[in-house]
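Fold and geometry: a report
What follows is the residue order along each chain.
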Amino acid sequence: MWIIPVLVQQLLLKAIMQLALRDNDSGVRVDDQLVSNLRFADDIDLIAESVDQLQDLTDRVNDSSKKFGLEVNVQKTKTMTNGKNIGAVDNKARSRCIGTGG
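Here goes a summary of the coordinates provided. (Residues numbered from 1 in each chain as written. Predicted model: local features only at pLDDT ≥ 70, side-chain atom pairs only at ≥ 80, totals over all residues. Heavy atoms only, no water.)

This part takes up the pattern of salt bridges. Tallied over the full model, the rule gives one salt bridge. Between D56 and R60 there is a salt bridge, and its shortest N-O distance comes to 3.0 Å. A residue pair is termed a helical-turn pair when its members lie 3 or 4 positions apart in one helix, as D56 and R60 do in helix α2 (residues 51-67) at four residues. D56 gets classed as partly exposed once you look at its relative accessible area, which sits at 32%. (Salt bridge = Lys/Arg side-chain N within 4 Å of Asp/Glu carboxyl O. Helix = DSSP H or I, 4+ residues; strand = E, 2+ residues; numbered from the N terminus. Buried < 20%, exposed > 50% of the residue type's maximum accessible area, 1.4 Å probe, protein only.)

A few words on the environment of Q9. With respect to the element layout, Q9 can be found in helix α1 (residues 3-20). Sequence spacing of Q9 and D42 is 33 residues, and the spatial spacing of their C-alpha atoms is 8.0 Å.

Direction of pairing for strand β3 (residues 37-40) relative to strand β4 (residues 43-46): antiparallel, over a ladder of four bridges. What sits directly across from F40, in β4, is D43. The hairpin formed by β3 and β4 contains two residues between the paired strands, and A41 there has a positive phi angle of roughly 55°. (Pairing = 2+ DSSP bridges.)

Next up, the structure:
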């Protein structure tokens, strides 16, 4: 069983995200609660109302990860936008942008 490594990974991810989201007001309101990310296993979905907010969140997570000696895997990083005014987000590595404009 690999319970200890999984537990350590989850604690590390929690610490990275706590640091990245400190003093953060980006995200979307759901039932009057601010939601800026969704996490499942080792995946993180960042959520924001604007390209600028998403860029800020992306930079925060990238910088926070580096402080723990980790790097964001840019080959697995993607950006998806939804709306009429779709802009580009620089995830520090030329990500593939998936747009769902309306």
